[in-house]
Amino acid sequence: MVKMEFPGWKNVAAVLVGCVVAAIVFEVFLRVYNPVHFTVRGDNITLAANETIHIENKDIPNIDKLIKVWRNSIGFRGADPPVGLDGYLSIISAGGSTTECLFLSDGKTWTDLLANKLKKNFHPLWINNAGISGHSSYGHYILIQSYISKIHPKVVLFLVGANEIQKSETHPNERAIMQKHDSTYNFKTFVNYLASKTETVYFLQNINRFRQAAKAHLYTEPFDVRTENTLSLPDMAKEVRQAKAENAAALSAYEQRLHRLIDITVNSSIVPVLITQPVLYGNAIDNSTGKDLGKLKFAGNYNGELWWNIMEMYNDVTRKTASERNVFIIDLSKELHKDSRYYYDWLHFTNTGAQQVSEILYKHLCPFLSEKYPELNIGKCL
């Protein structure tokens, strides 16, 4: 009898054992030292509290060369909540990277600048910045649920829209949490469970989130509009119709999330204020350089005009939802001029841009707050 041997199986087994050992080593390493702190673990948010970050800036113009960011005992930017917060006009700004303003030093974010303006009109006043880069309205929902509702500020400002673009329709684990239907169980909920238990899955899950954000063009490099390539799209109406069809599911999901975000905010006895997302790209001439921003190539087969039309689809959802729910809205996307001095890329604000944002928000917010909280008003809005 001839004895059959399968040396290949030994090699496969050796590879599998090696992979298991490597995974265990990687898990142990991450438990001892994780070089990167991510805010999302499964379906939970974990904030880094009492942390100071120093960022050396060598490439981005119109912002500080050395950026200092401090996070308080909650994990937000700004002063710790004072004793007797109920007696304060307390405001928290929530949003993605355009709210967090990670590359703007403390005191220079639009939240900080807005606070400096409002303190002349309201006393006592407490404002924090709870922006988290990459977070969508789903992340804001979890933030309200896990953190903000426990602090119980009077007002939350939601700058929303950019991180909703091309975000696929509400997936089952979102529906389970936001609608409290716990019966849904699928692969994504299993991955979220593993992420809550293991550092390796937690790390890989967040790397994937960054990859998806990059795919949606939410992370861009600083650029000079004077040297950017151009892209002409002969039939813009056709391109817009196609983009609307491609984004239909994401737009519908965003509308659902926004309604639920308003629900949880109002049910927590907090007043929501919605803010539309401004961007540099669009069918306009750059105030500073005279360049046509609509013809500049944005990414892939998009140019500035087409991508602006897509951004406005999501801003329209914000406007429509605010109208339906009788929520105060500030249409920042229409009021902030398209000027490259205000942005260091297509989306994120420079120091000058944050100043302009704060002035627009103050103009609308101060009268609204004066009417709503007259007992805390100490001066006429300018």
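Quick note: structure is the one above.
Report follows, based on the coordinates. (Residues numbered from 1 in each chain as written. Predicted model: local features only at pLDDT ≥ 70, side-chain atom pairs only at ≥ 80, totals over all residues. Heavy atoms only, no water.)

So, the pattern of salt bridges
The test is simple: Salt bridges are counted wherever a side-chain nitrogen of Lys or Arg sits within 4 Å of a carboxyl oxygen of Asp or Glu. Elements are defined by DSSP. Helices are runs of H or I of four residues or more, strands are runs of E of two residues or more, and each kind is numbered from the N terminus. Working definition: with a 1.4 Å probe on protein chains only, accessible area under 20% of the residue-type maximum means buried, over 50% means exposed, and in between means partly exposed.
For the coordinates displayed, the defined rule picks out 15 salt bridges. The salt bridge involving Asp 331 is made with Arg 319; its shortest N-O contact spans 2.8 Å. A residue pair is termed long-range when its members are at least 10 positions apart, and Asp 331 in the loop between β11 (328-330) and α11 (332-335) and Arg 319 in helix α10 (residues 304-325) qualify at 12 residues. Residue classification places Arg 319 among the buried residues on the basis of a relative accessible area of 16%. As a salt-bridge pair, Glu 324 and Lys 320 come within 2.9 Å of each other at their nearest N and O atoms. Within this pair, Glu 324 and its partner Lys 320 are both found in helix α10, separated by 4 residues, close to a single helical turn. Put simply, Glu 312, Asp 316, Arg 319 and Asp 331 are held in one network by salt bridges that share partners.

Things to note about the side chain of Glu 164
The condition that has to hold: In what follows, residue pairs with any heavy atoms lying within 4.5 Å of each other are defined as contacts.
With respect to the element layout, Glu 164 can be found in the loop between β7 (155-160) and α5 (172-178). Among residues more than four places away in sequence, those in contact with Glu 164 are Ser 136, Ser 137, Ala 250, Tyr 254, Arg 257 and Tyr 314.

Digging into the state of the cysteines
Rules: Sulfur atoms of two cysteines make up a disulfide when they are within 2.5 Å.
Counted under the stated rule, the structure contains 1 disulfide. Paired by a disulfide, Cys 366 and Cys 381 hold their sulfur atoms 2.0 Å apart. The S-S bond linking Cys 366 to Cys 381 shows a torsion near -85°; that makes this disulfide left-handed. In this pair, Cys 366 sits in helix α12 (residues 351-372) while Cys 381 sits in the segment after α12, placing the two residues 15 residues apart along the sequence.

Looking at the packing of aromatic side chains
Given two aromatic rings, one states the distance between the centres and the angle between the planes to describe the pair. Heads up, the rule is: Aromatic contacts are taken between Phe, Tyr and Trp rings whose centres are within 6.5 Å, Trp giving its six-membered ring; a plane angle under 30 degrees counts as stacked, one over 60 as edge-to-face, and the others as tilted.
According to the stated counting rule, one finds 10 aromatic pairs in the structure shown. Between Tyr 302 and Trp 307, the aromatic rings sit 4.6 Å apart at their centres with planes inclined by 80°, giving edge-to-face as the arrangement. This pair shows no difference in class: Tyr 302 is buried, exactly as Trp 307 is. Clustering of aromatic rings is evident, with ring pairs tying together Tyr 281, Phe 298, Tyr 302, Trp 307 and Trp 346.

Description of the packing of helix α9 (residues 248-267) against α10
This is how it is decided: Helix axes use the C-alpha atoms of the stretch in contact, all axes being lines fitted to C-alpha atoms, and the angles between their N-to-C directions lie in the range 0 to 180 degrees. Helix crossings get a hand from a simple test, with the near helix turned counterclockwise from the far one by less than a right angle marking a left-handed crossing and a clockwise turn marking a right-handed one. Each residue receives one of three labels: charged for Asp, Glu, Lys and Arg, nonpolar for Ala, Val, Leu, Ile, Met, Phe, Trp, Tyr, Cys and Pro, and polar for the others, Gly being one of them.
Viewed as axis vectors pointing N to C, α9 and α10 meet at an angle of 40°, and their least axial separation amounts to 10 Å. Between α9 and α10 lies a crossing whose hand is right-handed. Contacts between α9 and α10 pair Ala 250, Leu 251, Tyr 254, Glu 255, Leu 258, His 259, Ile 262 and Asp 263 from the former with Met 313, Tyr 314, Val 317, Thr 318, Lys 320, Thr 321, Glu 324 and Arg 325 from the latter. By residue class, the composition of the contact of α9 with α10 is 8 nonpolar, 3 polar and 5 charged.

Section: the sheet that holds strand β6 (residues 125-129)
Counted only if it meets this: DSSP calls a pair of strands paired once it identifies at least 2 bridges connecting them.
The strand order across the open sheet built from 5 strands is β6-β5-β7-β8-β11, with neighbouring strands paired in parallel fashion. At either margin of the open sheet sits one strand with a lone partner, and together these are β6 and β11. Between one strand and the next, the sheet's axes are offset by a mean angle of 20°, whatever the strand orientation. The pairing of strand β5 (residues 89-95) with β6 spans 5 bridges and is parallel.

Description of the nonpolar core
Stated formally: Put simply, buried Ala, Val, Leu, Ile, Met, Phe, Trp, Tyr and Cys residues joined by side-chain atoms within 4.5 Å make one nonpolar core.
Grouped together as the largest cluster of nonpolar side chains are 98 residues, with contacts concentrated most on Phe 76, Trp 110, Leu 118 and Leu 369. Beyond its immediate stretch of four places on either side in the chain, Trp 110 contacts Ser 93, Thr 98, Thr 99, Cys 101, Leu 157, Leu 159, Ile 275, Phe 349, Ala 354, Val 357, Ser 358 and Leu 361.

Comments concerning the pairing of β7
Most of β7 is tucked away: 6 of the 6 residues are buried. Residues Val 155, Leu 157 and Leu 159 line one face of β7 and the alternating positions Val 156, Phe 158 and Val 160 line the opposite face, and both faces are buried. Sheet analysis places β7 next to strand β8 (residues 271-276), joined by 6 bridges and oriented parallel. When the sheet's bridge partners are listed, Phe 158 is paired in β8 with Leu 274.

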